[in-house]
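Here's the letter readout for the chains.
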Amino acid sequence: MKKILFVFCLSAFFQTAAFAQQYADISGKVLDTANIPIQGASVYLLTPKAKAVLKTAVTDDKGEYQMHNVPDGKFLLEVSAIGYAKTFSEEFEAKGNPMDIPLIVLVPQQKNIEVVDVNRELPLVRNVHGKLVLHVENTALAAGNNALEVVKKAPGVGVDKDDNLTLMGQAGINVTIDGRQTYMTGEQLATLLKNTDGSQIKSVEVSTIRTAKDDAEGGVGTINITMKKNRLEGFNGSFVASGARGEKWRGNTSLNLNYQKEKTTFFGSYAYTNDHSLHDLGIARTIADETESTFFDQSSVLDMEDRTHQYKAGVELKTSARNTFLAQFTGNNNTDKNDNHSTTNMGRDAVAIDSILSSMTGTNEKFNRYSWNINNEFRIDTAGKKLTMGMDYSLFRTKNHTDYSYFTFLADFVTSKYDPEYERSNSYTDIDILSAKLDYTHPLGKGVLEAGLKYSNVSSDNDILFEYLDGDQDSWMNYTNRSNTFLYREQISAGYIDYAIALGKWDVKAGLRSEYTVSDGRSVTASKSIQQDYLDFFPSASLGYAVSKNHSLSLNYSRKVSRPNYKYLNPFEYYIDKRSYMKGNPDLKPQYTHGFTLNYTLFQLFNLTLGHDLTRNAMVESLGQDTELKTTWVIRENLGRTNTSYLNASIPFRIGQWWSMYNNLTGIHMYFEGPIAGHYVSLGSLFFQGSSMNSFKLKKSMSAELTMNYNSPFLYNVYRIHSRFNTDIGATYNFKDQRSSLKLAVTDVFRSNRNNVSTDFEEYNALIKQYRDSQTVRLTYAFKFGNLKQSFHRKEDKIEEKDRAM
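These figures come from a predicted structure and were not determined experimentally. (Residues numbered from 1 in each chain as written. Predicted model: local features only at pLDDT ≥ 70, side-chain atom pairs only at ≥ 80, totals over all residues. Heavy atoms only, no water.)

Undergrad: Any details on the overall build of the protein? Residues and values, ideally.
TA: Looking only at helices and strands, the protein has 5 helices and 48 strands in total. The C-alpha radius of gyration of the protein comes to 28 Å, within 12% of the 28 Å expected for a compact globule of 806 residues. For the C-alpha atoms alone, the extent of the protein along its principal axes is close to 95 × 65 × 45 Å. Counting over 806 residues, the protein shows a buried share of 51%. Within the protein, residue pairs in contact and separated by at least 24 positions form 65% of the contacts whose partners lie at least 6 positions apart. A total accessible area of about 36900 Å² is found for the protein, and carbon and sulfur atoms account for 56% of it. (Helix = DSSP H or I, 4+ residues; strand = E, 2+ residues; numbered from the N terminus. Rg over C-alpha atoms; globule rule 2.2 N^0.38 Å. Buried < 20%, exposed > 50% of the residue type's maximum accessible area, 1.4 Å probe, protein only. Contact = heavy atoms within 4.5 Å. Areas by Shrake-Rupley, 256 points an atom, 1.4 Å probe, with all protein chains shown as cover.)

Undergrad: So, the pattern of salt bridges: which residues are in play, and what are the values?
TA: Between side chains of opposite charge, a pair can form as their charged atoms come close. Throughout the structure, instances matching the rule amount to 25 salt bridges. In this structure, R482 engages E423 in a salt bridge whose closest nitrogen and oxygen atoms are separated by 3.4 Å. With R482 in the loop between strand 27 (475–478) and strand 28 (484–503) and E423 in strand 25 (residues 421–444), this residue pair connects regions lying 59 residues apart in the sequence. Residue classification places E423 among the buried residues on the basis of a relative accessible area of 6%. The network of salt bridges with shared partners includes D215, E217, K454, R513, E515 and R563. (Salt bridge = Lys/Arg side-chain N within 4 Å of Asp/Glu carboxyl O.)

Undergrad: Talk me through a nonpolar patch on the surface; I want residue IDs and the actual numbers.
TA: A cluster of nonpolar residues, F235, F239, L255, L257, Y259, F266, F735, L742, L744, V777, L779 and Y781, forms a patch on the protein surface that exposes about 970 Å² of accessible area. Of all the elements in the fold, those that place two or more residues in the nonpolar patch are strand 18 (234–245), strand 19 (249–261), strand 45 (740–747) and strand 48 (776–786). Among the secondary structure elements, Y259 is positioned in strand 19. (Patch = residues over 30% accessible without salt bridge, like charges linked within 9 Å, V, L, I, M, F, W, Y side chains within 5 Å.)

Undergrad: Explain the nonpolar core to me, and be specific about the residues and the numbers.
TA: V157, L165, I201, V204 and I223 are the most contacted members of the largest nonpolar core, which has 46 residues in total. Tallying contributions element by element places strand 39 (residues 659–676) first for this core, with 5 residues. The contact partners of V204, leaving out residues within four places of it in the chain, are L132, V133, L134, V150, V151, A154, I223 and N224. A24, I26, Y65 and L106 belong to the second-largest nonpolar core, a separate cluster that totals 22 residues. (Core = buried A, V, L, I, M, F, W, Y, C linked by side-chain atoms within 4.5 Å.)

Undergrad: Which residues make up unusual backbone geometry, and what are the values?
TA: Look at F413: it is not a glycine, yet its phi comes out positive at around 60°. By the element assignment, F413 lies in the loop between strand 24 (386–410) and strand 25. Note on F413: relative accessible area 39%, which makes it partly exposed. Residues other than glycine seldom take positive phi values, yet R751 does so here, at roughly 50°. For R751, the position within the fold is in the loop between strand 45 and strand 46 (755–761).

Undergrad: Which residues make up the packing of aromatic side chains, and what values do they have?
TA: All told, the structure shown has 23 aromatic pairs when counted by the stated rule. Seen in terms of ring centroids, F75 and F92 are 6.4 Å apart; in terms of plane orientation they differ by 50°. Their pairing is tilted. Highlighted residues: F75 in strand 5 (residues 73–80) and F92 in strand 7 (residues 92–94), separated in sequence by 17 residues. For F75, a relative accessible area of 2% puts it in the buried group. On the basis of relative accessible area, F92 is assigned to the buried category, the value being 10%. (Phe/Tyr/Trp six-rings, centres within 6.5 Å; stacked < 30°, edge-to-face > 60°.)

Undergrad: Can you lay out the sheet that holds strand 37 (residues 631–638) for me, pointing to particular residues and giving the numbers?
TA: One open sheet accounts for 4 strands, arranged 32-33-37-36; its pairing is mixed. For this open sheet the edge positions go to strand 32 (573–577) and strand 36 (619–626), each flanked by a neighbour on one side alone. Strand-to-strand twist of the sheet, defined as the mean angle between neighbouring strand axes without regard to direction, takes the value 25°. Here strand 36 pairs with strand 37 via 8 bridges, running antiparallel. Along strand 37, the bridge assignment pairs D626 with T631. (Pairing = 2+ DSSP bridges. Axes fitted to C-alpha atoms, helices over the stretch in contact; angles between N-to-C directions.)

What follows is the structure in structure tokens.
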């Protein structure tokens, strides 16, 4: 029935779109007062009232520009170039037919201006085939912020206590940069984004659905960060240095370099981060059996120091008028040192304490990532045929050494109850990922057909040796039930076909992706192997309708998959302390999601998204405990199903000429049903997330920022997540040279960004209180150097200029 309904919807989409009209193409020419063509002038298509940017173009050596697929409506053009005064065209109306814009003449300026600063306080949000695209280039959102801060401002995007990105309140996002996989999650991804200058970002694409061209991976959705392309001739770059103080000192610095000569561009970057912080953790839990219960009250202080070197180098070659070749290398070297000192009171209840456990855990982990990428794009003809080939090879190497020391005392905290216990572990994880893809684009009828192939091969080797110190023999002995060697191999072969057509006010896109997966997870120690071999199909469809120039709608559907993280498949036991640990589940299966969204965009600025995700075989965090040994563990298991509904509103607006505000509001309902932790659950929860980013233009060289975030309490699975609120403030000063700036910021002003979690589910009873060292005072200096002027004499390929206008 679902397949019949899906086919019927696609048929209805195409039949309705067949009666619509085609978008318009516009073109024109820019001259100076001496009737000499101006090359490299920036042309912006604007809405008359809001002055929102819809499209951009750059003039060629003849002073000509083109813009394609302009919707019906009234518009005007803004044209600017170095050394000339900004000029606006007369308002015109596009009606679906090609049109020539009257000649635009720029008047020279007496004052020499190095940089054209089109600073638009309000960002532009566009709906492109169901993806929400936040254009941040030359806006106040990008200035003085890092990439993580910019991405957090995209519709529906937030972060949890550990700076892990969430989308519509859900974790598990696939993050790409320029369409390429980062293969990083959690703190490693957060560090990567923190070391990336926000002013280098062109746009952020947010999608809770996917097209056939996109990987099916990502049950929640995808965030793609599109970086700016260097258009400046010669040598240029930027430098950022930042220092902060929380409980400990921390800081980071980055350097970006670019050199462009005719058809060759070299680029590179280096960043260093030293993040030193103290985390407070408190855990109170009760483990009960049929006869008695034991109460544990744990208090911990984690001293964490994270040092990261991040670097990139590459070259882009225009080998011909139609061919572009790109090669780049990226690397990360991370050293993470954690010292955890904890004290646990144990007894029948919080008053009747009979013993105290004092434990010390010291961890030293080294993580290295190296990635090579090559990409070649060949434009077969000027009609739009294109062939793109790419290959990625990534290596991940992780080494971890942890020492555990346990001292158990009587209630007086003086008399030893047991002899001291010493344990240690050494683990090694090697992951190799090879992927290759081929994409072909072909104009077909009034639309565009895309088809492609992709192959990926993942190899993961994991080894852990867990030992304890034998006091009698004074030697280290193997903990046989905790040591293990786990090997994992996965191959995915994929193919897709996608067709998009824009007919007047209608925009239709539909496609199908197929992925064939072969995997083998083998525990060498346990002599156990789990093999999987399956073929999946992932349909997708999008229907958009421009009601008018100020109102647009889109309806979208896609099927997605989330495969288990490699470490969740590994049956190792990752000990946090003597009585709590995490362990992998080699029987964990992928989860599948049907995603539906309805988007409404007003004035190309305000966006409303209504969505629903239906997930089967959902991967969720489950609990277990041993009442005899008094231990508790966490494991990932497959739940029956989850239903998530959400409503997101993205609301930017300006108050006067000095105050701009960007608000993001999300209401979410989550429902869980199925067996978990040995019991059947049927639980639901409604919660709210809100953020408000405020920018104040105090004077030409001075601006201030105020950011507020709030998360209401909600029930996630068997856990109750408590409310969270934080406030950040900052001020930025731009120096007269227009090349350097200084920013002072205070994060988590009221120390309210606390992550508290509790559960009172069946026999499980626990309260966890956490505060990550998030209240900081930070000073950041940014400087741009080298050539910041556009070249008027560089001859560009006309094909690329057309591409810039798309």
